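# Descriptive structure summary
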Amino acid sequence: MKVISIVGARPQLVKLAPISAAFAGTEHEHFIVHTGQHYDADLSDVFFDGLGIPDPDVHLGVGSGSHGAQTGSVLTALDPVLEREQPDWVLVYGDTNSTIAGALSAVKMHLPVAHLEAGLRSFNRRMPEEHNRVLTDHCADLLLAPTEEAMRHLAAEGLTARSQLAGDVMVDICLRIRDAVLAGEHPAPALPEGIDPTQPFLLATLHRPDNTDDPARLSAILESLAGLPLPVALLAHPRLVSRAEAHGIKLNQGAVHVGRPLPYAGLVAAVLASSGVVTDSGGLQKEAFLLERITTTIRPETEWVETVDTGWNVLVPDPHRMDADTWAATVTRPTPTTDPGTPYGDGHAAENVVRIMEEWKGGSRHA
Ligand code: UD1
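Presented here is an overview of the structure given in this document. (Residues numbered from 1 in each chain as written. Predicted model: local features only at pLDDT ≥ 70, side-chain atom pairs only at ≥ 80, totals over all residues. Heavy atoms only, no water.)

Another aspect to go through is the layout of surface pockets. Empty space within the largest pocket amounts to approximately 1200 Å³. Taken together, 50 residues make up the lining of the largest pocket; nearest its centre are Ala9, Pro11, His38, His207 and His237. Of all elements in the fold, only helix 1 (10–24), helix 3 (67–85), helix 5 (128–139), helix 10 (238–246), helix 11 (264–273) and helix 12 (282–290) reach the threshold of two or more residues within the lining of the largest pocket. For the lining of the largest pocket, the leading source of residues is helix 1, giving five residues. Along the lines of polarity and charge, the residues of the lining of the largest pocket split into 19 nonpolar, 19 polar and twelve charged. Viewed by domain, the lining of the largest pocket spans two of them, domain 1 (2–168 + 346–366) and domain 2 (189–331), each represented by three or more residues. (1 Å grid on protein atoms, 1.4 Å probe; cavity = no way out; pocket = protein on both sides within 12 Å on 5 of 7 lines; lining within 4 Å. Points joined across faces, edges and corners; volume = space filled by probe spheres on them. Helix = DSSP H or I, 4+ residues; strand = E, 2+ residues; numbered from the N terminus. Nonpolar A, V, L, I, M, F, W, Y, C, P; charged D, E, K, R; others polar. Domains from an automatic or database assignment.)

The subject of this paragraph is the sheet that holds strand 10 (residues 256–259). What the six strands build is an open sheet, ordered 10-9-8-11-12-13; its pairing is parallel. The open sheet has two free edges, formed respectively by strand 10 and strand 13 (313–315), since each of these has just one partner strand. Strand-to-strand twist across the sheet, computed as the mean angle between neighbouring axes with direction ignored, equals 20°. Pairing of strand 12 (residues 294–297) with strand 13, which is carried by three bridges, proceeds in the parallel orientation. By the bridge assignment, threonine 297 is partnered in strand 13 with leucine 315. Contacts from helix 12 reach strand 11 (276–279), strand 12 and strand 13 within the one sheet, and its direction differs from that of strand 11 by about 170°. (Pairing = 2+ DSSP bridges. Axes fitted to C-alpha atoms, helices over the stretch in contact; angles between N-to-C directions. Contact = heavy atoms within 4.5 Å.)

With that out of the way, let us pick up the site of the ligand. Residues in contact with the ligand amount to 20 residues; listed here are only the nearest, His38, Tyr39, Asp40, Glu129 and Arg239. At 2.8 Å from an oxygen atom of the ligand is found a side-chain nitrogen or oxygen belonging to glutamine 37. Residue arginine 239 places a side-chain N or O atom 2.7 Å away from an oxygen atom belonging to the ligand. Look at the ligand: alone it shows 740 Å² of surface, and the protein chains cover 88% of it. Sorting the residues of the shell around the ligand by element identifies helix 3 and helix 10 as the ones contributing at least two each. Here the element with the most residues in the shell around the ligand is helix 10; it accounts for three residues. A class-by-class count of the residues in the shell around the ligand yields five nonpolar, nine polar and six charged. (Near = heavy atom within 4 Å. Polar contact = N/O pair within 3.5 Å; in protein donor to acceptor, adjacent residues only side chain to side chain. Areas by Shrake-Rupley, 256 points an atom, 1.4 Å probe, with all protein chains shown as cover.)

Here is the structure:
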């Protein structure tokens, strides 16, 4: 079986690591296409090196652009690659512009498409990712769902016949790296200047367009972080840096100490060293949950509802509208005492993915 994985943005590289390791243990051919959506070393190269992913077989080098330009560039560059390689499966990941472009290019060539992380929904139509995931689910042949909740969303959209519960491959990689970090196999993370990892601190990230692109909102969120009673290590995504610069907004202020994004093992180590996380990232909400750190999510909703239902994650859409003491008490609240269970699977999801793709070879179930 020949499988082409199409990846391009940081969260997809994290998911690619366990998938590529699972294929490495089989006789299947696994071919990697990097679209080049993320091109900064901090967002791309360090994940290949740090997670032991083989170099991409093809790099499309599309870079940044408007949604249409970025998606269209991936489509244009991908068509000849898929035409030439004729895989048994095209595997697309998550919900980025690279995901929808990969699915669309493949499906138009009648190549079977599998969607990893299918069935997640925010029900927020302002999010570009929501359109990417819904459209990808509806055109893919095999929907690999990470959770029971995702299976329910797929059922509600009439997609049960193409859906399979695989578990969440991010658990596989997160737990593997956690164990390596705890065993001292990775150097200490490069935290922002002014953060002492032996003292309590909060780890923060912010990159969603809804939080970064409106200057008044970005400024207000940053002021809320700046006023917190604990130092805040803000790992700044390029989108945050560029929007803050464009609007003359200072990132380093009050409690906030700005640093660069971390490689995956560094991020896991930083979460483990922190007292809690403040973020708008989907991946980080779940990583904090798996690493047993509380999260406060600056969004009105989450796709990872299990983190909220178990009390580990609290949604605060507008921290600047909250009274300062309540905001501070929320981000420093005590850790829940109830057992969160394993809503995201047992750390063997990538093996499930390979097995399900074998059973569904050709685009429909035959085992
Ligand atoms: C993308 C995904 C998002 C995912 C996120 C993780 C879409 C629609 N969004 O958002 O789902 O959570 O990746 O990081 O696909 N930039 C750089 N260097 C890079 C990459 C981007 O400077 O290596 C800059 C671009 O110039 C642009 C901004 O960051 O201004 C946004 O990049 P883009 O890929 O469009 O979306 P993300 O915000 O990264």
